[in-house]
Amino acid sequence: MTVAAATSLLARAHGRMLLHKLRFGLRENRLLSFTVAAFLVLYGMAAYLLVARGLEFIVKVPLIGPLLTERLVFLLFFFFFVMLIISNATITGMGLFRRKEMEWQIALPLPPRSLVLWKTLEGMLLASWGLLLLSAPILLALGRVYEADAGFMLAVVPALLALVAIAANVSTWLLIALVRGARRWMWKPVVVCAALLLIKALPVWHSSYETLNSGDLSASLNQILRHTEICMHPLLPSSWVAETIQAAGRGIRERALFFNLVLLANALLSIVITTRIAGVHFTPAWNRIMSAAPGAGKAVPNPAFRAQPGRAATWLRRMLALDRASFALLVKEVRTFVREPVQWGQTALIFGLLLMYSMNLRKLGYDLQSPFWTTVVSHLNLLVCCLALSTLTTRFIYPQFSLEGRRMWILGLSPVPLHRVLALKLRLSASVLALVMLALVIVSGMSLGLPGKRILFFSAAILMLSYGLTSLALSLGALVPNFRESNPARIVSGFGGTVCLIASFVYIVCGMALLVIPSWQHLKQEAPAPLGYDWRIELLSLGGLAVLTVVFGGLPYFFAKRRTKNLEYLRHL
């Protein structure tokens, strides 16, 4: 069987399964389908209006408007390309080396090249639909700014599809090279090099910041253009897409056709290179993954010694006032998190970006001596932290119970009952997230120069929001479990995950509306500087948030705890 025939066979089989799942989902989950469709329509309309207004404002900037618009297009698709490579590498890596079905598929009489090619295409479909959905209103807004006709989308959409294909294949090359050649000792030099590059970049960043705040428009513009030159490199596929957009927007159809053909040729060439790499390097990479035993090459400790907890573990268990069974469950949760690079990697990335953003709030360029801008930036900062937290809780906290899978009966027979397991999971997750978010809020408050009372106000708010969002996600995951699915992305994309995302969004919006009440008088451009805050209104606002937290976090936790006490809960296994 040829590679093309085998890949086509796998595509048809998985296509039929997907079609069956879609029909079943549309028939059984009509509320979910309607909710998702409504949100997609609302997002499309809102994104189109916001992007169109923003681009029209930039284009009208005297002298530099068209130049900034062109550079924004290059920058946007450069980051789209990078995001596609990372997301495709993650999804394709899980499909090739982590999923159980791959152990069965690799034993079939199919060439390994077809398996790698199909997993690459599958990862491309799973990773790119969000990008296409995100970029559709942006492309429509660009067409409106350029005043282009219907041929604009006909020229741009094929270029974007070719970019998606190139990113998917490049991610597969990097993934196979990493699995085949990476060694454990390599991460230390990589961390050292990254730290040295960061230290070297700090003086450049500081000088750039001084230039941007010097008031010299020409020097500031030169700094911005110079630091974004990498996004316009002529060998980048994202630059070819941006050139296609520019040419189609200006009506230069020959140039748009040229870059479309360039992208198509490179996309087809990338597929050929993927098959060649898979034929030579995939089988050794697969054998290396399968033969890598945990703890290989290390001395196995004495079981009697292993059973004895260390002094640090005993001290921590006594400090947390936990029995040995409950503490062992917490240790299991921590080790599970540490052993999943996808979880701690994405979490570290999000919190690292939030920390950098919080430390540089004062350098946004706004007049933070004005009560109006201080109030706006501080509340928007809290909103950003809450939205990032809701993303983490929906993505990682919600599927925790479902990921126990059919091994849940083991926990059901353990000395720790299931409702106690639920409470320990909430205690661990909410405490860690609350401490991290509290640190971010304190750092951002100090960066903005807020008084101590306002920092205390926002700290109390983020603590309640952290526990509320964590409790909501964990409780809904226990109420609507899916023990038959091992992929957390598919668990989150189900009905319960959608409800969790929507409920978290409603909870955050209502909470922010309550928290802005004490600062309402500051949201006026002509507000005088010495305006104070009424501590009674702040207490009432926090009290309203506490009631809201009980409704969105406490009630679902109550029903989830009562349900896990019933042995009927295990019938879903």
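Description of the structure in this document. Every residue gets a number counted from 1 within its own chain, in the order that chain's sequence is written. For this predicted model, a pLDDT threshold of at least 70 governs which residues receive local features, and a threshold of 80 or more governs which side-chain atom pairs are given and counted, while totals over whole chains, interfaces and linings are taken from all residues. Heavy atoms from the whole structure form the basis of all side-chain values; hydrogens and water molecules are not counted.

Turning to the overall build of the protein, a few remarks are in order. Numbering of helices and strands runs from the N terminus; a helix is a DSSP stretch of H or I covering at least four residues, while a strand is a stretch of E covering at least two. Looking only at helices and strands, one finds 22 helices and 0 strands in the protein. Relative accessibility decides the category of a residue: with a 1.4 Å probe and only protein chains considered, values under 20% of the type maximum give buried, values over 50% give exposed, and everything between is partly exposed. Residues counted as buried form 40% of the 573 residues belonging to the protein. Surface accessibility in these figures is a Shrake-Rupley result with a 1.4 Å probe; residues are shielded only by whichever protein chains are displayed. Total accessible area on the protein is roughly 32,200 Å²; 71% of this is exposed by carbon and sulfur atoms.

A few words on unusual backbone geometry. A negative phi angle characterises most non-glycine residues, just as the trans form characterises most peptide bonds. Of note in this structure, E147 is not a glycine but carries a positive phi near 55 degrees. Within the element layout of this structure, E147 appears in the loop between α5 (112–146) and α6 (151–181).

We now examine the pattern of salt bridges. By definition here, a salt bridge exists when the distance from a side-chain nitrogen of Lys or Arg to a carboxyl oxygen of Asp or Glu is within 4 Å. On inspection of all chains with the given rule, the structure shows 5 salt bridges. A salt bridge links K119 to E122, with the nearest nitrogen and oxygen atoms 3.6 Å apart. In this pair, K119 and E122 are both assigned in helix α5, 3 residues apart and thus about one turn of the helix distant. Pair check on accessibility: K119 and E122 agree, each one buried. In this structure, R253 engages D149 in a salt bridge whose closest nitrogen and oxygen atoms are separated by 2.9 Å. Of this pair, R253 sits in helix α10 (residues 253–291) while D149 sits in the loop between α5 and α6; the two residues are 104 residues apart in sequence, bridging distant segments of the chain. A relative accessible area of 52% places R253 in the exposed class.

Our next topic: the nonpolar core. Residues belong to one nonpolar core when they are buried, are Ala, Val, Leu, Ile, Met, Phe, Trp, Tyr or Cys, and are joined through side-chain atoms within 4.5 Å. If you look at the biggest cluster of nonpolar residues, it comprises 57 residues, and the most contacted ones within it are F351, L382, Y398, L422, M437, I462 and L515. If you list the elements that add at least two residues to this core, you get α13 (324–338), α14 (341–359), α15 (371–397), α18 (418–448), α19 (452–479), α20 (488–492), α21 (495–515) and α22 (535–564). L55, L131, V145 and A168 belong to the second largest nonpolar core, which has 41 residues in total.

Honestly, that's just the spatial picture; any functional story needs more than this.
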